[in-house]
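Given next are the chains, with one letter for each unit.
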Amino acid sequence: MALYVSPGFSRAADAHLRLALMFKARRHWAAAAAHFRRARLAPHQDATFTRLELSFHAAHLLEARGLRKAARDAYERLLKEPQLSSSLKADVCRQLGWLYHRCVSLGEAPARARAAVWCLQRAVAAEPDSGAGLYLLGRCFAAQGKVHDAFIAYRNSVEKSEGNADTWCSIGVLYQQQNQPMDALQAYICAVQLDKGHSAAWTNLGSLYESCQMARDAFACYSNGGPAAVAAHAPLRQRLAFLRAHLAHAPMPSVTGKRRQLPSIEEAWNLPISAEMSSRAPKSAPPPYPGKRAEEAPPLSHQQLQTLQYLQRNSHNLSPQQQALMQQLLSQYRLAQAARARAVTKTESSAGSGGESAESLAEDLLKKFSDSQTDIKKEPATTENGAVGGGGANEAVLGGRQPVVKLEPLKTDPLKPLSFHIGMSSKQILDACKENAGPATSWSVLGDGCGAPEPPAVPAPRLSAEQLAPPAPFVYVESKRDAFSPQLQDFCLKHPIAVVRGLTAALKLDLGLFSTKTLVEAWPDHAVEVRTQLMQSADENWDPTGRRRVWACASHRSHTTVRKYAQYQAGSFQDSLREERERGAVPQHSAGALSDSDGRESGGPVKRRKSARMLRFGTNVDLSDERKWRPQLTELQKLPAFARVASAANMLSHVGHVILGMNTVQLYMKVPGSRTPGHQENNNFCSININIGPGDCEWFGVPDAYWGGVRELCDRHGLSYLHGSWWPDPEELRAHGVPVYRFTQRPGDLVWVNAGCVHWVQATGWCNNIAWNVGPLTARQYTLALERYEWNKVQNFKSIVPMVHLTWNLARNIRVSDPRLHRAMRTCLMQTLRAAAGTLNAVRARGVPIRFHGRARGEASHYCGSCEREVWHALLVREHERRHVVHCLACARRASPTLAGFLCLEEHHTEELAQVYDAFTLHRAAPAAAAAAAAVVQTPALVATPD
C-alpha cells in the first residue's frame, strides 16, 4: 500500500526487499523474484541494506526454488566481489558450502565434499566469532566419517554459540554412533532443554532409549517430538504404534528388575552432567532457556542511530573522517542486528537430514527489520533553546536532527485548492495542469481522492444452506432465432455464471474442427504448454503425501507439440479401456465419469496415495494465427455478436493489438482430472468456454460479490490470491458464508463466466475446450475492470489489459448512452490526461528531450520495465543492457532523480487527445430508436430453467 499511494516513495528499495523476503518465506517464488528485481532497480541512498546483500538473498531464492546450479553460480560471483564485507562473505561461504554438501547434482561426491569443507572453512575464517559455520563444518566432517574433526568443530561451535540446540543434537548423534550412550543422552538432553520443541533431538533420544530396551522412555520421547514431526515421518508413526501396542500388554517396571543401561527421561532431565560436557554446556540451568551469549555486539544508542541516519543522507558530501565514522557505525549496526537475529532464530534440522531445507539456513533479514525501526521516527527537529524546525546552526552539526519533511515554495494558493471534474474541457484541464497537475497520488483512474480498492467483506446477511449451494443457471437454445435474441445476452449478464445448452447445435457449429484429430492433421508441430498434475477427485485436494487436505494446487510446466500430446491423450484412453476390461467392468470415461482408479476412492488417505498417479494437461494452445486456423476462426463467426471473439460490442476488440487468450482463442486438451485452478479472469472480463467433447467438465463458481471471502481463505491457507495456484474446498467456502455453484458442462455446452466470477474447472472425461474473453459495453464490466486494474497495482500484479489505452480507443470508436459508463470513462480520460500533462511538466523541468514517437498499427501497449504498470503517452526510455527499456515517471525518478540518461517519447499529439476528450459526450438516443429498442424486447422469451 505504501508503494501504491506514493509511487516516488524514498524507501521503495526497502519496501520491495521486505516484500520479497515475505513472499520467499511463503514460497511464492515468482512474486519474490519480481520484488528482488524491483529492489535492485530502486535507488539505494536511504536503504538499510547493500546491493551485495540484495544479491545474496536473490541467490538464496534460486537455491530455495531448487535451481541449485544457478544458485551456486550466483554465490561464486558474489565471492569475487572486492567490496564484500566479512560478515556477508561468511554467509555466502556457508550457503555455498552447505549447497555442495547436500546437492548431488553439483558433481562427484569426493569433489563436492572437498569443496564443502573448503567453503565452510572460509566462512569460519571470515567470521571467527560465529558458531554457525563451525556447526555445518562438523556436519560435513561427520558425513565423511572424520569423527575426531567433527567433535572439534562441534566443540568450537558450542564455545562460540553455546545456546544452539542443533549442535548439541549433532554431538549426540556422534556419541551414539561411537556407542557412548550416556554421553549421547546428555547431549540430547542439552538440545531439548535449549529447545523443547526440537523434534530431531526428541526422535534421536527415543531411538537411543529403544536401543537400550527402555520402551516407555522411548515412547515418551517420540511423543514429545510434536504432532508435526509425527505426521511428517511414516517410520516414526509406525514405531509409535508398535510401542503403544507393546506397552499396553507390558508389565509395569519393577524396582528390583534388571539394571537399566540409562537413567529414565525424568532422571536424565535433572541429572548433573559430566565435567567434559559441563565445560561446554550452557552456564544457566536449563530448562527452558539458555544463558545469554558471553560476547555480543552492543546495539547502537539512539544518538548513534541519529548520527548514522544523518551520515547516510549526506553520504556524497562527507569528509574522510565522517565516512570512516559512517562505516564504523554501519558495521556495528549490522553486527548487532545479526546477533539479535541469531539469538531468535530456530533452525528445524534433524540428525539425519537436518538443515536440508534451504530456507532454514539463510539468516532472514525480516528478523533484523522487526526490531530496528527507531530510525524512522517522525518527531520534528528541536534546537538547544527548544525551538522546533530545521533551520539554525545545529543543522550542520554531525548527528543533528534533520527535518523529515522538506518544504518547497507553494505554486498555488493552498486556500483555493484546484479541483478537477469531468465537466471541464480539455483546454481547462491542460491550462490547470500547467500550474499544478497535482501529485501522482491524485492521478488514479478511479478519480481524484479515491483510495485503492479493497477486497469486499462477505455480504450480510448470512445465506441459508440452500442459498449457499444454488442451482446453476441453465438456458436451452432451440433455434437460431433464440440464439440471436437479446434475451440470451440479458440472461447471461444477469447471472454470475450460466450454461447455454443447445446453442452450438442450433447454429450448426462444426465442433469437429477443434477435435484432436483435426488439430493433428492441420498443424502437428504446433506448441502445447503442459501442466503435470496429481489426479484426484474434483471435490478433494491433497498434499503430496496424500495425508492432509489443502488448497495449494501444485503443477509443473513443460512444453510439447500437438502430435505428441495427441498420442498421450489417446494412449491414456486406451489404458483406461484396458484397465476396465481387466476388471470386467464397462468403461465409464467416455461418458465423462471417473472410475475408482482415477481418484474417486472412498478409502482412506493411504489408499489414495498408493493409487494416485500423475496426469498431463495440455493448456494454452494458441489459435490466434489466422493463416493457420482460418477454418476454425471462421466457424466461430456463427456465434451471436455478444459471444464472438471479435465484435464492435466487445471492448477487447478495441484494444488494437493481440492479447493472447483474451481477444484470441485458446484451446485446452484434457484427460480426466485435468484442472484449471481457482481464479478470476484477467481484469475481471467475462469469458466464453465451449466444450468440444467427447467427455464432460465439472465447474465450480463463486459470485463476484464474494471474491473477498475467497481471498480471505486463501490468506488463511498461506496462498497468494493473485500469484498462487489454489483449489478451494466448497464446504469450507460455504462454512465461511460463500455460495458455490457446481455443475457439469457437456459436449457442445457454452459456459458464460460473468465479470468477476471466481471459478475453477476439472475435466471428468477426455475432451478439448476452447475459450476466450469478451467485454460487454456495460458500466458494470468497465467499472470492475478498472477497479481490478488499480487493485493489481497495490498487489504488484501486471494488468495484461491496458485499461488506459483501451479507454482512449473506446472514446474514439464508440458512442455511449449509459450515464454510468460515460461518467466512469470520462473520469479515466480526465485523470490520464492530467497524468500525461504532469509527466511532461516534470520531464521538461529537468531538461529531458521530448520526441514524438507515435503508435504503429497493432503495436502492443507499453509497460514499465521496473514496476510493470502500464505506461501511456509519455514513455521514459533508457538503455539497459543494450536494449531500450520503458519506465514510468516514478520508477524513472527513483533510478535518476534528475532523469539523466532518459529520453521521453510521446505516443500522441496533445491536440488529438484534446479532440478525443472533448468529443466524448453522453449520447442521447433518438425517440424513434428508443421505441424500436423497446419493440425488440417484446420477442418471445427463451426457455430458462435452474438446472
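Note that the structure is a prediction, hence the values are computed from the model and not measured.

Between side chains of opposite charge, pairing is possible as soon as their charged atoms come close. For the structure on display, the rule yields 31 salt bridges. Three or more residues are tied together by salt bridges with common partners; here these are Arg11, Asp14 and Arg18.

Take the sheet that holds strand 12 (residues 758–763) next. If you trace the four strands from one edge of the open sheet to the other, you get 7-12-9-10, paired in antiparallel fashion. Here the strands that pair on one side only, and so sit at the sheet edges, are strand 7 (675–679) and strand 10 (741–745). Averaged over neighbouring strand pairs, the angle between their axes works out to 15 degrees when direction is ignored. Strand direction decides the pairing type here: strand 7 and strand 12, joined by three bridges, are antiparallel. Note that in strand 12 the partner of Thr676 across the bridge is Val761.

What follows concerns the sheet that holds strand 18 (residues 883–887). With mixed pairing, the four strands of this open sheet are ordered in space as 14-19-17-18. What marks the edges here is a single partner per strand, and that holds for strand 14 (850–852) and strand 18. Each adjacent strand pair in this sheet contributes to an overall mean axis angle of 35 degrees, direction not counted. As paired elements, strand 14 and strand 19 (residues 903–906) share three bridges and run parallel to each other. In the strand pairing of strand 19, Arg851 is matched with Leu905.

Taken as a whole and assessed by the stated rule, the structure comprises 16 aromatic pairs. Between Phe700 and Trp760, the ring centres sit 5.5 Å apart and the planes meet at 5 degrees, which makes this aromatic pair stacked. Of this pair, Phe700 sits in strand 9 (residues 697–702) while Trp760 sits in strand 12, placing them 60 residues apart in sequence. A relative accessible area of 0% places Phe700 in the buried class. We classify Trp760 as buried; its relative accessible area is 0%. Cluster of aromatic residues (ring-pair linked, three or more members): Trp707, Tyr721, Trp726 and Trp791. Stacked on the ring of Trp707, the Lys or Arg Arg788 has its end atom at 4.5 Å from the ring centre.

For the rest of this paragraph, the subject is unusual backbone geometry. Here the amide bond leading from Ala460 into Pro461 is cis, since omega sits at -5 degrees, within 30 degrees of zero. As for its position among the elements, Pro461 is in the loop between helix 21 (426–435) and helix 22 (465–468). In the Ramachandran plot, Asn179 falls in the positive-phi region, its phi being about 60 degrees despite a non-glycine side chain. Assessed through its relative accessible area of 65%, Asn179 is described here as exposed. You will see that Leu899, though not glycine, has its phi angle at about 60 degrees, which is positive. Mapped onto the elements, Leu899 comes out in the loop between helix 35 (889–895) and strand 19.

Secondary-structure assignment places His887 in strand 18. On a C-alpha basis, the gap between His887 and Gly865 in space is 5.8 Å, while along the polypeptide they are 22 residues apart. Setting aside residues up to four positions removed in sequence, His887 forms contacts with Cys864, Val871, Leu876, Ala892 and Phe902.

Bringing the nonpolar core into the picture now. Within the largest apolar cluster, 68 residues are counted, with the highest numbers of intra-cluster contacts made by Tyr75, Trp168, Leu185, Ile189, Leu205 and Tyr209. The greatest single-element share of this core, amounting to nine residues, is contributed by helix 11 (residues 181–194). Once you skip the residues sitting within four places of it in the chain, Tyr209 turns out to touch Leu185, Met214, Asp217, Ala218, Cys221, Leu262, Pro263, Ser264, Ile265 and Ala268.

Our focus in this paragraph is the environment of Asp622. Among the secondary structure elements, Asp622 is positioned in strand 5 (residues 614–622). Taking relative accessible area as the criterion, Asp622 reaches 24% and is therefore assigned partly exposed. Note: C-alpha distance between Asp622 and Val528 (94 residues apart in sequence) is 8.1 Å. With near-sequence residues (within four places) excluded, Asp622 lies in contact with His526, Trp629, Leu660, Thr664 and Val665.

Our next topic: the pairing of strand 9. Side-chain positions along a regular strand alternate between the two faces of the sheet. Where burial is concerned, most of strand 9 is hidden: six out of the six residues are buried. The two faces of strand 9 match: Cys697, Trp699 and Gly701 on one face and Glu698, Phe700 and Val702 on the other face are all buried. Relative to strand 12, strand 9 runs antiparallel, the two sharing six bridges. The residue bridging Glu698 from the neighbouring strand is Gln762, located in strand 12.

Taking 1.5 Å of rise per residue, 12 residues should cover 16 Å, and helix 5 (residues 68–79) covers 17 Å from first to last C-alpha, within 8% of that figure. Taken together, the buried positions of helix 5 are Ala71, Arg72, Ala74, Tyr75, Leu78 and Leu79. One face of helix 5 carries all of its buried residues, which in axial projection span an arc of 165 degrees. On its buried side, helix 5 packs onto helix 4 (51–64), helix 6 (86–102) and helix 7 (109–126).

It is worth spelling out the pairing of strand 6 (residues 666–670) at this point. With respect to burial, strand 6 is a largely interior element, five of its five residues being buried. The two faces of strand 6 match: Gln666, Tyr668 and Lys670 on one face and Leu667 and Met669 on the other face are all buried. Examined bridge by bridge, strand 5 and strand 6 share three bridges and lie antiparallel to one another. Bridge pairing in strand 6 places Asp622 opposite Gln666. Inspection of the sheet shows strand 6 paired to strand 13 (residues 767–774) by five bridges, in the antiparallel sense. Residue pairing for strand 13: Met669 is matched across the bridge by Asn768.

Each value, and the rule that gives it
Residues numbered from 1 in each chain as written. Predicted model: local features only at pLDDT ≥ 70, side-chain atom pairs only at ≥ 80, totals over all residues. Heavy atoms only, no water. Salt bridge = Lys/Arg side-chain N within 4 Å of Asp/Glu carboxyl O. Pairing = 2+ DSSP bridges. Helix = DSSP H or I, 4+ residues; strand = E, 2+ residues; numbered from the N terminus. Axes fitted to C-alpha atoms, helices over the stretch in contact; angles between N-to-C directions. Phe/Tyr/Trp six-rings, centres within 6.5 Å; stacked < 30°, edge-to-face > 60°. Buried < 20%, exposed > 50% of the residue type's maximum accessible area, 1.4 Å probe, protein only. Lys NZ or Arg CZ within 6 Å of the ring centre and 35° of its normal. Contact = heavy atoms within 4.5 Å. Core = buried A, V, L, I, M, F, W, Y, C linked by side-chain atoms within 4.5 Å. Expected span 1.5 Å × (residues − 1). Arc of directions from axis to C-beta.

Distances and angles like these do not, on their own, reveal function.
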